[in-house]
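For reference, the chains in residue letters:
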Amino acid sequence: MGYVDEVLELVSKKNADQPEFLQAVTEVLNTLRPVVDANEELYRSNAILERITEPDRVLMFRVPWVDDKGQVQVNRGFRVQFNNAIGPYKGGLRLHPSVNLGIIKFLGFEQVFKNSLTSLPIGGGKGGSDFDPKGKSDREIMAFCQSFMTELCKYIGADVDVPAGDIGTGAREIGFMFGQYKRIRGTYEGVLTGKGLSYGGSLARTEATGYGLLYITEELMKCHGDSLEGKTIAVSGAGNVAIYAIQKAQQLGAKVVTCSDSTGWIYDPEGIDVELLREVKEVKRARLTEYAAARKSAEYHEKKNGEHGVWSVKCDIALPCATQNELDLEDAKQLVANGVKAVCEGANMPTTLEATEYFQNNGVMFICGKAANAGGVATSALEMSQNSERLSWTFEEVDAKLKNIMVNIYHNIDDAAKRYGMEGNYVAGANIAGFEKVVNAMLAQGVY
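Here the structure is a predicted model, which means the values were calculated and not measured.

Rules and cut-offs
Residues numbered from 1 in each chain as written. Predicted model: local features only at pLDDT ≥ 70, side-chain atom pairs only at ≥ 80, totals over all residues. Heavy atoms only, no water. Helix = DSSP H or I, 4+ residues; strand = E, 2+ residues; numbered from the N terminus. Expected span 1.5 Å × (residues − 1). Buried < 20%, exposed > 50% of the residue type's maximum accessible area, 1.4 Å probe, protein only. Arc of directions from axis to C-beta. Lys, Arg positive; Asp, Glu negative; His and termini not counted. Salt bridge = Lys/Arg side-chain N within 4 Å of Asp/Glu carboxyl O. Polar contact = N/O pair within 3.5 Å; in protein donor to acceptor, adjacent residues only side chain to side chain. Contact = heavy atoms within 4.5 Å. Axes fitted to C-alpha atoms, helices over the stretch in contact; angles between N-to-C directions. Parallel < 35°, antiparallel > 145°, perpendicular 65-115°, else oblique. Left-handed = near helix turned anticlockwise from the far one by under 90°. Nonpolar A, V, L, I, M, F, W, Y, C, P; charged D, E, K, R; others polar.

(A) Representation of helix α1 (residues 3–14) within the structure. Compared with an ideal rise of 1.5 Å per residue, which puts twelve residues at 16 Å, α1 spans 17 Å between its outermost C-alpha atoms and is within 8% of the ideal. Residues of α1 that are buried include every one of Tyr 3, Val 4, Val 7, Leu 8 and Val 11, and no others. Buried residues of α1, viewed axially, fall in a sector of 130°; they line one side.

(B) Quick peek at the side chain of Glu 345. Take Glu 345: it is sitting in the loop between β12 (342–344) and α14 (353–361). We note that Glu 345 is buried and unpaired, the nearest opposite charge coming from Lys 370 at a distance of 7.1 Å. Polar side-chain contacts of Glu 345 include one of 2.7 Å to the backbone nitrogen of Gly 369. Aside from chain neighbours lying at most four places away, what touches Glu 345 is Leu 213, Pro 320, Pro 350, Thr 351, Phe 366, Ile 367, Cys 368, Gly 369, Ala 372 and Asn 373.

(C) Inspection of the packing of helix α9 (residues 208–222) against helix α10 (residues 240–251) at higher detail. Interhelical geometry of α9 versus α10 gives an angle of 45° and a closest axis separation of 7 Å. What the angle tells us is that α9 and α10 run oblique. Remark: the crossing between α9 and α10 carries right-handed chirality. For the pair formed by α9 and α10, the contact residues are Thr 209, Gly 210, Tyr 211, Leu 213, Leu 214 and Tyr 215 on the first element and Val 241, Tyr 244, Ala 245, Gln 247, Lys 248, Ala 249 and Gln 251 on the second. Considering only residue class, the contact of α9 with α10 consists of eight nonpolar, four polar and one charged.

(D) Highlighting unusual backbone geometry. Its identity as a non-glycine residue notwithstanding, Ser 119 has a phi of 75°, on the positive side. Turning to its location among the elements, Ser 119 is positioned in the loop between α6 (101–117) and β4 (123–129). Note on Ser 119: relative accessible area 51%, which makes it exposed. Unusually for a residue other than glycine, Arg 285 sits at a positive phi of about 55°. By secondary structure assignment, the location of Arg 285 is in the loop between α11 (274–283) and α12 (288–294). Here Arg 285 falls in the exposed class, since its relative accessible area comes to 58%.

Function-wise, these values are silent; they only describe arrangement.
Dropping the structure here:
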């Protein structure tokens, strides 16, 4: 049995109850086989694969808070500090009922390679809670965030671990957490990113993941003799990533005809009205039914079990921007039958392994999330730089740096795939390029 297979078997035994984590590890290690085979003796003697699949530490804690009725509620909080070989742990805090240890570990593991790809000095981590912000008052959210940070603040810091936002964690939640960190620790430092502009946040951070997704998609098309001009794009999701992906896609000459939320999806053949979508989702925090009610050209479809309707629409490019495993094999078959040219992931692991392989086997250009959605964490790292320098860069400065980072990521993953005889396999390229940098740092720093 080869080294990769030995470690996969070991990880499966240790984490049998964590399917998302096992899926991520399996996908990554399988694509790394050529690199591992070329360096097996070195990697095996230093237990590189065992170390890179085991987090440095896992923090799990209770989060008690009082709701508006005076009832004490208890949630579970997590922070997984996965690997800091190239910099402080960096990764978001997800607030969603689905959050459990396996999901946080999968996200933290992916973050290690994603952060490495940005070429910035940041390690990988992730955190969150099974708390659901939906339907909660601002006071309840503040109570939860303050309790959550009361425990988390013991383990983070500007040069230790710098959390950010994620699903359910926006500027409001980051603000409450930052205030509590400052109150307890008595220091004003760049310990969180995604902060408000009035207290150390970065311009273009809100737009960064969506914009970055389109910058790498644009470069992909350009390097294959094509462009985004005139293309029809299907997008899933209606949160931060989806909204700004739609906005940038339209700025680059494409037409986006779908978006979705947890209850249904929209098909708008005239193109999604971004300002209306922002008003519905960001201002009103309402459902997409309100978008459809306000726009005659839009069709609203209720979500049905097992169906991901956005992928049934004919498109040139698909951008899954909602959540993990939202695009399965049947969706992939439908997209291929409808002539899709490229799929780039705006969310973390939104495409199942079977769907990914189907795209690759059918000539569809596919860029995985750890490369395609790295714009958010890249701009978070730029926010850290601004905080350290006590400076604030203009939107244009940050946006230009973001575009440069995303273009470089494309060429780095393309080069890595070519070096190992897998030209066009951008999943393997992303995993290899991210892995090599982290492993070189681990080897240089000895056993720790």
